[in-house]
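Now for the letters of each chain:
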Amino acid sequence: MKVLGQFSAKPAMDGDGVNIRRVADFITTHFDPFLMMDEIKSDDKQDFIGGFPPHPHRGMETFTYIRKGGFEHRDQMGNVKAIRAGDVQWMSTGYGVVHSEMPLADALNGLHGFQIWVNMPAKDKLRPATYQDTASTPSVETKNDTGATLKALAGDWAFAGKSAISATIQGLAGEAAIADLMINANGEAQLDLSKHEFAALYLYQGGLSKGEGSQWSFNEGQFLVLDSQTPLQLKADERGAGMLVFVGKPIREKIVQMGPFVMNTQAEIQQAIRDYQEGRFGSIA
């Protein structure tokens, strides 16, 4: 693989005192069409028990993936869903969403999950909001000869030389697609991402090495922007490796971000604030 940029997730806090690790870029848009990735990973309930009380969004998409524990989601559209281990959830917020995400009772024994923000093109930022989850339809998995497992969370994926698998969730902005790739200790995996302009991965567990005589290695908490035209050949170290893989097509529009709003001009941000304050987003029943 060819690494174009290397970033480290930084400790942060959001919601009602939830401790997270965050990778974000709202300025240089190096991750276009992606904007941000938050990871919650803790066995201490004090790190996440406050959850995310009701809050708004406009102009972007949120994609949530849970590996351990879970949240209950509620929104002004009337959706009430328990998002548990193995589930994903996608909201194309468009004009506006108000939602909450509160930890489920069984998450008190630990929580590991991600929320990913995807930008929306200007032409779609004020369209009606949509919601989809896979609480009743598991994500699709496939294995390669070394035991590596690829789970399609959104979009279409395949190991090199293998048949494609399609996630239940399709149609993210920026042709974005997301997968969870788990490689056994000292195992290998190869993906062909050449049909995509943007590619990246985030290591949430273990590490990667180039193999014997390697001069580099990558570890948990690192976000790597990749050359999508170079075959993605991955080798896990003795710990194995778990990672999210991201692909998409850059939107290439200037953005202005303020908290949960992502628009194209400062005037649009101010309008979003007014619309929310005046109740035009609706409220959770």
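Reading guide: rules and limits
- Residues numbered from 1 in each chain as written.
- Predicted model: local features only at pLDDT ≥ 70, side-chain atom pairs only at ≥ 80, totals over all residues.
- Heavy atoms only, no water.
- UniProt positions renumbered as here; feature names shortened; annotations may be inferred.
- Helix = DSSP H or I, 4+ residues; strand = E, 2+ residues; numbered from the N terminus.
- Expected span 1.5 Å × (residues − 1).
- Buried < 20%, exposed > 50% of the residue type's maximum accessible area, 1.4 Å probe, protein only.
- Arc of directions from axis to C-beta.
- Contact = heavy atoms within 4.5 Å.
- Pairing = 2+ DSSP bridges.
- Axes fitted to C-alpha atoms, helices over the stretch in contact; angles between N-to-C directions.

As annotated in an unreviewed UniProt entry, the chain is Pirin family protein from Shewanella bicestrii. Taken verbatim from the UniProt record of the chain, the Sequence similarities (unreviewed entry) comment is "Belongs to the pirin family."

Caption draft 1: Here's a closer look at helix α1 (residues 266–277). Compared with an ideal rise of 1.5 Å per residue, which puts 12 residues at 16 Å, α1 spans 17 Å between its outermost C-alpha atoms and is within 8% of the ideal. Within the sequence span of α1, burial applies to I269, A272, I273 and D275. Each buried residue of α1 lies within a common arc of 165° when the element is viewed along its axis, so the set occupies one face. Along α1, exposed side chains directed more than 90 degrees from the buried face belong to A267 and Q277. Residues of α1 that are buried in the fold lie against β23 (256–258) and β24 (261–263). One or two residues past the end of α1 sits G279, with phi positive at roughly 85°.

Caption draft 2: Up close: the sheet that holds strand β6 (residues 60–68). One open sheet accounts for seven strands, arranged β2-β3-β4-β11-β6-β9-β12; its pairing is antiparallel. Each edge of the open sheet is held by one strand with a lone partner, namely β2 (10–14) and β12 (130–133). Going across the sheet, the axis of each strand differs from the next one's by a mean of 20°, ignoring polarity. For strand β4 (residues 34–42) and strand β11 (residues 111–119), the ladder comprises eight bridges, and the chain directions are antiparallel. Bridging across to β11, S42 finds its partner in L111.

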